[in-house]
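Observations on the model geometry
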Amino acid sequence: MNEEKKSLNFLEQIIEEDLANGLPKEKLRFRFPPEPNGYLHIGHAASICLNFGLGLKYNAPVNLRFDDTNPAKEEQEYVDSIKYDVQWLGFKWDKELYSSDYFQQLYDWTLELIKEGKAYVDNQTSEEMAKQKGTPTEVGTNSPNRDRSVEENLELFLKMKNGEFEEGSHVLRAKIDMKHVNMHMRDPIMYRILKKRHHRTGDDWCIYPMYDWTHGESDYLEQISHSICTLEFKSHRDLYDWYVNQVYDPLKLQPKQREFARRNLSYTVMSKRKLLQLVEEKIVTAWDDPRMPTISGLRRRGYTPESIKIFSETAGISKRDNVTDVALLEHCIKDDLNKTAPRVLAVLDPVKVIITNYPEEKEEFLDANYNDYEDGFGSRAVPFSREIYIEKEDFREEANKKFFRLKLGSEVRLKNAYIIKAESCLKDENGEVTEIYCTYDDDSLSGSGTEASKRKVKGTLHWVSAKHAIKAEVRVYDRLFTDEAPDGHKDKDFKEFLNPDSLTIIDAFVEPSLKTAKNLDRFQFQRLGYFCVDKDTTSTKLVFNRTVPLRDSWAKMDN
RNA sequence: UGACCUAUGGUGUAAUGGUAGCACUCCGGUUUUUGGUAUCGUCAGUCAAGGUUCGAGUCCUUGUAGGUCAACCA
């Protein structure tokens, strides 16, 4: 009895309607059907979240089905990565299936179709067939082979199957209608000869079914109630239905294909072809380069499964072309990490500060919470000593009142430590500040409860103790492209918009507690952003990726 | 010179003939030992023209704009 009606997306509305029209709820079944020819990206995440989300919502099974009908492009590596990514996102599939599981069934059905005169072998060249296909505005013409006898078709098809023909010499076509307004209905190819080893069926077959002949039948075999795909398959729907109808048993469920708009993200590209190009041309290091919009890239960048799921949910689905602002994705990860990431201290662009009234040999271990505002994060000891590093941009010899940081003659608080006052500084021949001399208020230690510790000073800086800090490589990422829609320009190649500064490698100092951080551990480097440990980290070298910077309203004001 | 799909603030999405709402972005206020977070607020939208209706973002017509469709890819 929920009075408040949650709005449904258009696919949920279709499902609700089907349910209302008598489709039993137990018959609902979905599937996520990737082709294992590349790594999954954030666009696939939309489809994954959609299908598995429907499964959760309706308590219906969701199959993971690899659409592996083209051995020329598909590899086991991709199968493995896809399985990993889906489970990493937190979804459980009912069955792991492969279109190639159905090759025999598809073949048997094909024999029936040939016997019914609904399919024929064509041995023209692809150019000839393309010519006869017509255009969207002109009808096609029949192939001279269209009226081969059933016996001859059977014989030729058997020879195709037995490897007696060369690749490209013969195809099997469905006999539908060369004058159909829908180009896909103009005697589409059902089988082609491909003398390639398949990653699962090996050399069992040298004829492989095409997507259209495979997909609907696979959905039918698995009794998928709603076969959800992207909009570019809309015009395939007639064919999908035609094929299913050839084998449809009225006692069974007839799957229904419905289409939604693929999710695009600003400042990146989403097509597998282009992503593959970036990898192959070494523009990025790999499919999991943290600048890639792949699931594996986002994972390595520091994104959480939760943030990706919330992004998909927030962005929603529809049938409109879209370019979602990457700011929304970034908001989702910041929001998640703000709740979950421990706060630590790191200095990316260091300048030395010497606290002249702090004893030379003294060191203190200050208790610092991993999160000052939430319980349950615990704390660690942070070493403090006479010489520390702060961020270069946090010091100015002189500045106006709006500059809340360290300047000569005024005070700031060091996070979790003392209040210091800048007295003087040393500069090199270029006028660059090399050392800053400060004094500290030894009664002002954070949390000590003293009057001095409660003094309000305007700025709080992050810092690390110079002799205790450990070095770390920090990889700072910017968007991969400078254009909002790099592949949205007809006259320009998307690579013209590559951002030359998409990666900056920094030698930073981080607090010593990070020594034991493990791959994929995520932190907030206080006042800087969220960072996670990269897999390139070794026992002697720490590597961090910047997932996303913190909002910086000062940077905006300052320019 | 076709068929089909789509059109709501800068962006993404709701409103199922009955008050155009939410989120992100931008901008501003408050709080703050992160110029973060939180919180409050401002700006900003139904592609156009007709029609149906007491009432239209929604239905109809005609435009306009964008997209999809002619791989032995999926």
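Predicted model only: the values in this text are computed from it and were never measured. The numbering scheme is per chain: residues are counted from 1 as the chain's sequence reads. Both sets of labels track the order of writing: A upward for chains, 1 upward for ligands. Totals for whole chains, interfaces and linings use all residues, but because this is a predicted model, local features are given only for residues with pLDDT of at least 70 and pairs of side-chain atoms are given and counted only at 80 or more. The side-chain numbers reported here are obtained from all heavy atoms of the structure, hydrogens and water having been left aside.

1. Section: the protein's contact with RNA strand B
For clarity, the cut-off: Here, proximity means that at least one heavy atom of the residue falls within 4 Å of the molecule or strand. N or O atoms closer than or at 3.5 Å make up a polar contact, with two conditions inside protein: a donor-capable atom paired with an acceptor-capable one, and, for residues adjacent in sequence, both atoms drawn from side chains. Strands here mean DSSP runs of E at least two residues long; helices mean DSSP runs of H or I at least four residues long; both are numbered from the N terminus. Amino acid classes used here: Ala, Val, Leu, Ile, Met, Phe, Trp, Tyr, Cys and Pro are nonpolar; Asp, Glu, Lys and Arg are charged; the rest, including Gly, are polar.
Taken together, 70 residues surround RNA strand B, and among them G168, R320, Y373, S446 and Q524 come closest. The sugar-phosphate portion of RNA strand B accounts for 62% of its atoms within 4 Å of the protein, the bases making up the rest. Here D325 contributes a backbone N or O atom positioned 3.2 Å from a sugar or linking oxygen of RNA strand B. With respect to RNA strand B, the side chain of K415 contributes an N or O atom lying 3.3 Å from a sugar or linking oxygen. For the surface near RNA strand B, the secondary-structure elements that each account for two or more residues are α5 (126-132), β6 (189-193), α11 (305-315), α12 (326-340) and α13 (553-558). Ranked by residue count, the leading element in the surface near RNA strand B is α12, at 5 residues. Its residues assigned to classes, the surface near RNA strand B shows 20 nonpolar, 27 polar and 23 charged.

2. Some thoughts on the side chain of S81
For the record, the criterion: The contact criterion used is simple: two residues touch if any of their non-hydrogen atoms lie within 4.5 Å.
Within the secondary structure, S81 sits in helix α3 (residues 76-88). The contact partners of S81, leaving out residues within four places of it in the chain, are G38 and Y39.

3. Comments concerning the pairing of strand β15 (residues 387-391)
This is how the line gets drawn: We call a residue buried when its accessible area falls under 20% of the maximum for its residue type, exposed when it is over 50%, and partly exposed in between, using a 1.4 Å probe and counting protein chains only. Criterion used throughout: strands pair if DSSP finds at least two bridges between them.
Burial within β15 is extensive, with 4 of its 5 residues counted as buried. With 5 bridges connecting them, strand β12 (residues 350-355) and β15 associate as antiparallel partners. Bridge assignment links V351 to a residue of β15, and that residue is I390. Looking at chain direction, β15 and strand β22 (residues 464-465) are connected through 2 bridges and run antiparallel. Residue pairing across strands places Y389 opposite V464, the latter belonging to β22.

4. Considerations on the nonpolar core
The test is simple: As used here, the term nonpolar core means buried Ala, Val, Leu, Ile, Met, Phe, Trp, Tyr and Cys residues forming a set that is joined through side-chain atoms within 4.5 Å.
Ranked by size, the top nonpolar core spans 45 residues in total, and within it I42, I48, V86 and I308 carry the most contacts. Put simply, the parts of the chain that give this core at least two residues each are α1 (10-20), β1 (30-32), α2 (42-58), β2 (62-66), α3, α10 (295-301), α11 and α12. Among the elements that make up this core, the one with the highest residue count is α2 (8 residues). Not counting residues up to four positions away in its chain, the partners in contact with I48 are F32, L40, G53, V86, L89 and F91. Ranked by size, the runner-up nonpolar core spans 33 residues in total, among them L156, F157, W205 and Y220.

5. Notes on the pattern of salt bridges
Applied cut-off: Throughout this description, the term salt bridge denotes a Lys or Arg side-chain nitrogen within 4 Å of a carboxyl oxygen of Asp or Glu.
Within the structure shown, the criterion is met by 46 salt bridges. As a salt-bridge pair, K115 and E112 come within 3.8 Å of each other at their nearest N and O atoms. Highlighted residues: K115 and E112, both in helix α4 (residues 103-115), separated by 3 residues, approximately one helical turn. Judged by its relative accessible area of 48%, K115 falls in the partly exposed class. In this structure, the salt-bridge partner of E411 is R455, at a minimum N-O distance of 2.2 Å. One end of the pair, E411, is in strand β18 (residues 411-414); the other, R455, is in the loop between β20 (433-441) and β21 (460-461), and 44 residues separate them in sequence. Judged by its relative accessible area of 32%, R455 is partly exposed. Within the structure, one salt-bridge network assembled from shared partners comprises D288, R300, E473, R475, D534, K535, D536 and K541.

6. Things to note about the sheet that holds strand β25 (residues 522-525)
As a general point, the strands of a sheet are linked pairwise by backbone hydrogen bonds and lie either parallel or antiparallel. Note the cut-off: Here an axis means a line fitted to C-alpha atoms, over the contact stretch when the element is a helix, while the angle between two N-to-C directions is reported on a 0 to 180 degree scale.
Pairing in this open sheet of 7 strands is mixed, and the strands run β10-β25-β26-β27-β23-β24-β11 from one edge to the other. At either end of the open sheet lies a strand with only one pairing partner, and these are β10 (343-344) and β11 (346-347). Pairing of β25 with strand β26 (residues 529-533) involves 4 bridges; the strand directions are antiparallel. By the bridge assignment for β26, R522 is matched with C532. Here α12 sits on the sheet in contact with β10, β25, β26 and β27 (542-549), set at roughly 115° to β27.

7. Points about helix α6 (residues 150-161)
The following threshold applies: Working rule for helices: expected span equals 1.5 Å times residues minus one. It is the directions from the helix axis to the C-beta atoms whose arc is reported.
The terminal C-alpha atoms of α6, which comprises 12 residues, lie 16 Å apart, in line with the 16 Å expected from a rise of 1.5 Å per residue. Every buried residue of α6 is listed here: N153, L156, F157 and M160. All buried residues of α6 project into a common sector of 100° when viewed along the axis, lining one side. Just past α6, the residue G163 takes up positive phi, approximately 80°.

8. Let's talk about the domain arrangement of chain A
Formally: The start and end points of each domain follow an automatic or database-based domain assignment. Accessible area that two parts lose when put together, evaluated with a 1.4 Å probe and summed over both, is termed the buried area.
The assigned domain composition of chain A is domain 1 (23-260), domain 2 (272-342 + 472-552) and domain 3 (350-462). Once you take the C-alpha centre of each, domain 2 and domain 3 turn out to be 31 Å apart. At the junction of the two partners, domain 2 supplies 12 residues and domain 3 supplies 15 residues. Summed over both partners, the interface of domain 2 with domain 3 buries about 1,100 Å², with 55% contributed by carbon and sulfur atoms. A per-residue breakdown of the area domain 2 buries against domain 3 is headed by F509, Q526 and R527, which together make up 45% of the total. The interface formed by domain 2 and domain 3 includes 2 salt bridges.

9. Let's talk about unusual backbone geometry
Even without being glycine, Q223 reaches a positive phi, approximately 55°. Here Q223 is to be found in the loop between α7 (211-222) and β8 (226-230). Phi is positive for Y267, close to 65°, though the residue is something other than glycine. Along the chain, the position of Y267 falls in the loop between β9 (256-260) and α9 (272-280).

10. Quick look at the layout of surface pockets
We count it as follows: Within this scheme a cavity is a closed region of a 1 Å grid, computed over the protein atoms alone, that accommodates a 1.4 Å probe without allowing it to escape, whereas a pocket is open but has protein on both sides within 12 Å along at least five of seven lines; lining residues each have an atom within 4 Å of a point. Grid points are joined across faces, edges and corners, and a volume is the space filled by probe spheres set on the points.
The volume enclosed by the largest pocket comes to roughly 1,200 Å³. What lines the largest pocket is a set of 45 residues, and nearest its centre among them are H44, E232, F233, R262 and K272. Those elements giving two or more residues to the lining of the largest pocket turn out to be β1, α2, α7, β8 and α9. Ranked by residue count, the leading element in the lining of the largest pocket is α9, at 4 residues.

11. So, helix α8 (residues 237-247)
Taken residue by residue, α8 has L239, Y240, W242, Y243, V244, Q246 and V247 as its buried positions. Lining the buried residues of α8 we find α4, β5 (171-174), β6, α7, β8 and β9.

12. What to know about the environment of D18
With respect to the secondary-structure elements, D18 resides in helix α1. Once the C-alpha coordinates of D18 and S225 are considered, the two residues, 207 residues apart in sequence, prove to be 9.8 Å apart. Setting aside anything within four residues of it in sequence, one finds D18 in contact with L23, H226 and K256.

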